[in-house]
Amino acid sequence: GLFQRLAFESTYCMNITRRFLTLALRRNVPDVYILGFPKCGTTALAQYLMQHPAISGIDGLPYDPALSKESHFFNGVLGPRTTHSRVLYRSFFPTILTRWWNEVVKKSGPWKCMDACPLNACLPHIADRIKRMSPNAKLIFMVRDPVDAAFSAEIMLRNTGMPLDWSFMEDIRAGDQRFHIPAEDIEYFENLSKVGPFEALPTDLPSRVYTKSSSVLYFSLFADRIAPYLSRFPRENILFMEFREFNAQPQKSVASVMEFIGVDPRRGGYEFKHV
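Residues numbered from 1 in each chain as written. Predicted model: local features only at pLDDT ≥ 70, side-chain atom pairs only at ≥ 80, totals over all residues. Heavy atoms only, no water.

Engineer: What am I meant to see in the overall build of the protein chain here?
Structural biologist: Each helix and strand in the protein chain was counted, giving twelve helices and five strands. Here the protein chain has a C-alpha radius of gyration of 19 Å; the compact-globule value for 275 residues is 19 Å, and the two agree. With the C-alpha coordinates of the protein chain rotated into their principal frame, the extents come out at 65 × 40 × 40 Å. Per-residue burial over the protein chain gives 49% buried out of 275 residues. In the protein chain, once contacts between residues fewer than 6 apart in sequence are set aside, the share between residues at least 24 apart is 76%. Element-wise, carbon and sulfur atoms account for 57% of the exposed surface of the protein chain, whose accessible area totals about 13,700 Å². A gap of 9 Å separates the mean positions of the 33 positive and 28 negative side-chain charges of the protein chain. (Helix = DSSP H or I, 4+ residues; strand = E, 2+ residues; numbered from the N terminus. Rg over C-alpha atoms; globule rule 2.2 N^0.38 Å. Buried < 20%, exposed > 50% of the residue type's maximum accessible area, 1.4 Å probe, protein only. Contact = heavy atoms within 4.5 Å. Areas by Shrake-Rupley, 256 points an atom, 1.4 Å probe, with all protein chains shown as cover. Lys, Arg positive; Asp, Glu negative; His and termini not counted. Charge placed at Lys NZ, Arg CZ, Asp CG, Glu CD.)

Engineer: Sorry if this is basic, but what is going on with helix H5 (residues 126–133) here?
Structural biologist: Because each turn of an α-helix spans 3.6 residues, side chains separated by three or four positions end up pointing in the same direction. Ile126, Ala127, Arg129, Ile130 and Met133 are the residues of H5 that are buried. Here the buried residues of H5 occupy an arc of 165° about the axis, which is enough to place them on one side. Those residues of H5 hidden inside the fold are in contact with strand S1 (32–36), helix H3 (86–90) and helix H10 (222–230). (Arc of directions from axis to C-beta.)

Engineer: Hey, could you run me through helix H1 (residues 2–21) in this one?
Structural biologist: Helix length check: H1 (20 residues) gives 29 Å between terminal C-alpha atoms against 28 Å at 1.5 Å per residue, within 8%. Listed as buried for H1 are Tyr12, Asn15, Ile16 and Arg19. Buried residues along H1 cover an arc of 100° about the axis, so they all sit on one side. Turned more than 90 degrees away from the buried face of H1 sit Leu2, Phe3, Leu6, Met14 and Leu21, all of them exposed. (Expected span 1.5 Å × (residues − 1).)

Engineer: I keep staring at the environment of Phe73 and nothing clicks. Help me out?
Structural biologist: Take Phe73: it is sitting in the loop between strand S2 (55–56) and H3. Judged by its relative accessible area of 0%, Phe73 falls in the buried class. In the structure, Phe73 is positioned 68 residues away from Arg5 in sequence and 21 Å away in space, judged by C-alpha atoms. For Phe73, the residues in contact, after removing those within four places along its chain, are Leu78, Thr82, Thr83, Ser85, Leu88, Tyr89, Phe92 and Met133.

Engineer: Just checking my understanding: could you explain the pairing of S1 for this structure?
Structural biologist: Working note: regular strand, side chains alternate between the two faces of the sheet. The buried count for S1 comes to five of five residues, which makes it a mostly enclosed element. By the bridge criterion, two bridges tie S1 to strand S3 (residues 112–115) in an arrangement that is parallel. Bridge pairing in S3 links Val32 to Met114. (Pairing = 2+ DSSP bridges.)

Engineer: Which parts of the structure should I look at to understand unusual backbone geometry?
Structural biologist: Note on backbone geometry: most residues besides glycine have negative phi, and most peptide bonds are trans. Between Gly36 and Phe37 the backbone carries a cis peptide bond, its omega angle lying at 5°. Despite not being glycine, Lys107 has its phi angle at roughly 55°, a positive value. Along the chain, Lys107 turns up in the loop between helix H4 (96–105) and S3.

Engineer: When you look at the packing of helix H2 (residues 42–49) against helix H12 (residues 250–261) in this model, what are you seeing that I'm missing?
Structural biologist: Angle between the axes and distance between the axes: these two values describe a pair of packed helices. Two numbers describe how H2 lies on H12: the axes approach to 10 Å, and their chain directions differ by 70°. Between H2 and H12, the crossing angle belongs to the class labelled roughly perpendicular. Here Leu45, Tyr48 and Leu49 of H2 lie close against H12, whose contacting residues are Pro250, Val254, Val257 and Met258. Among the residues forming the contact of H2 with H12, the class breakdown is seven nonpolar, no polar and no charged. (Axes fitted to C-alpha atoms, helices over the stretch in contact; angles between N-to-C directions. Parallel < 35°, antiparallel > 145°, perpendicular 65-115°, else oblique. Nonpolar A, V, L, I, M, F, W, Y, C, P; charged D, E, K, R; others polar.)

Engineer: Help me understand the pattern of salt bridges, please; the structure alone is not making it clear to me.
Structural biologist: A pair can form between side chains of opposite charge whenever their charged atoms are brought close. By the definition in use, this model includes eleven salt bridges. Between Glu154 and Arg158 there is a salt bridge, with the nearest N and O atoms lying 2.9 Å from each other. One end of the pair, Glu154, and the other, Arg158, are both in helix H6 (residues 146–159), four residues apart, so they sit about a helical turn from each other. Glu154 gets classed as buried once you look at its relative accessible area, which sits at 0%. (Salt bridge = Lys/Arg side-chain N within 4 Å of Asp/Glu carboxyl O.)

In short, the description is geometric, and any link to function would need to be established separately.
Printed below as a string of structure tokens:
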């Protein structure tokens, strides 16, 4: 486990260095965001979309699907004071050479840049930042039964080794607080929504997001989490997709997303392949 962690950290740092050294060639921020929600099919949808040469995710690491689709930039992955910087955000995405290759050589049609981070829908400070970065972006929300999503989220967190002192899978007891969001946690996220773009994010944000059962429940209130985007973006720029429908008919669902974001599936030699 230690060897794997060291290997990941070293390759991740080398990748960041490579991206910064070629920053002058990285001119784009996303046209498309898959915003949420966790465990609702965002990774699968991103993989399907990136089969088309007109759609690129982040310039990340190839050995995990999440590392080639989601930046976590607005969560403060490059530091708690960086989430306003367009220059730093550009560093995550492919160079103009990638765009040229796909549009000119592969004849893919207009190239789209995508960030598919499901936590972007969950955290209340992010809607304003995305609006500032990409005011005309197309937004996609993946949704499912929030109870199923919460159980799936716990399984994922445990599989990644997160130190959880709670479980949704144990029997309910009198006074059980696992399915309750304490007032102080609601206040925490309300205060987070008021953090200005040039202010530092709370240093305990990662531990709040990944280790507290109340955060999983807060993120599962889909309507409340979507509301900031509905008030900032025109409705025609927002697409909702239901997890069961996507699983039942992935090819049809992907085709509808491509139509929504303006990508022609007949161009660039695109061929749908199951992931």
